[in-house]
Amino acid sequence: MAFTLWNLVEATVLVLNAVCVLHEDRFLKQMGWGANAPVQGFGEQPTVKSQILNLVRSIRTVVRIPLILVNIALIVFKLILG
């Protein structure tokens, strides 16, 4: 099995799906990464944890609707070409 651009696109879509489906109260809150996580003060350097949480929230906000369309296109493409 060769590593192709198509495999990279599929892997990216699967990772984005996983991030969008991640439930903050069920999964992240148990690890201490919930919505009530401490917020950085003004002028403080953001921690890696807060940057990851911001990335997850941003992905959920921005990518949700386009990801639905991409998923539909990928499913149709897989059904047609196998």
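Note that the structure is predicted; figures quoted are calculated from it, not measured.

Caption draft 1: Layout of the overall build of the protein chain. The secondary structure content of the protein chain amounts to three helices and zero strands. Across the 82 residues in the protein chain, those meeting the buried criterion constitute 20%. Contacts in the protein chain between residues far apart in sequence, at least 24 positions, make up 61% of those at least 6 positions apart. Carbon and sulfur atoms make up 70% of the accessible area of the protein chain, which totals about 6,600 Å².

Caption draft 2: Summary view of the nonpolar core. Residues Val13, Val19, Cys20, Val56, Ile59, Val63, Leu67 and Leu74 constitute the largest nonpolar core, which totals eight residues. Of all the secondary-structure elements, those providing two or more residues to this core are α1 (5-21) and α3 (48-81). At five residues, α3 tops the list of elements feeding residues into this core. In contact with valine 13, other than residues within four places in its own chain, are Leu67, Val70, Asn71 and Leu74.

Caption draft 3: Molecular detail of the confidence of the model for the protein chain. Chain-level pLDDT for the protein chain is 83 on average; 88% of the residues reach the 70-or-more range. Taking the mean pLDDT of every element in the protein chain, the minimum, 74, falls on helix α2 (residues 24-28) and the maximum, 91, on α1.

Caption draft 4: Seen up close, α3. The terminal C-alpha atoms of α3 lie 41 Å apart, and with 34 residues this falls more than 12% below the ideal 50 Å at 1.5 Å per residue. If you look at α3, its biggest bend is around 60°, right at valine 63, and the proline proline 66 turns up within four residues after that. Among the residues of α3, Ser50, Leu53, Val56, Ile59, Arg60, Val63, Leu67 and Leu74 are the ones counted as buried. Summarising the contacts, the buried residues of α3 are in contact with α1 and α2. The first or second residue beyond α3 is glycine 82, which carries a positive phi of 85°.

Conventions adopted
Residues numbered from 1 in each chain as written. Predicted model: local features only at pLDDT ≥ 70, side-chain atom pairs only at ≥ 80, totals over all residues. Heavy atoms only, no water. Helix = DSSP H or I, 4+ residues; strand = E, 2+ residues; numbered from the N terminus. Buried < 20%, exposed > 50% of the residue type's maximum accessible area, 1.4 Å probe, protein only. Contact = heavy atoms within 4.5 Å. Areas by Shrake-Rupley, 256 points an atom, 1.4 Å probe, with all protein chains shown as cover. Core = buried A, V, L, I, M, F, W, Y, C linked by side-chain atoms within 4.5 Å. pLDDT = per-residue confidence, 0-100. Expected span 1.5 Å × (residues − 1). Bend = angle between axes of the 7 residues up to and from the residue.

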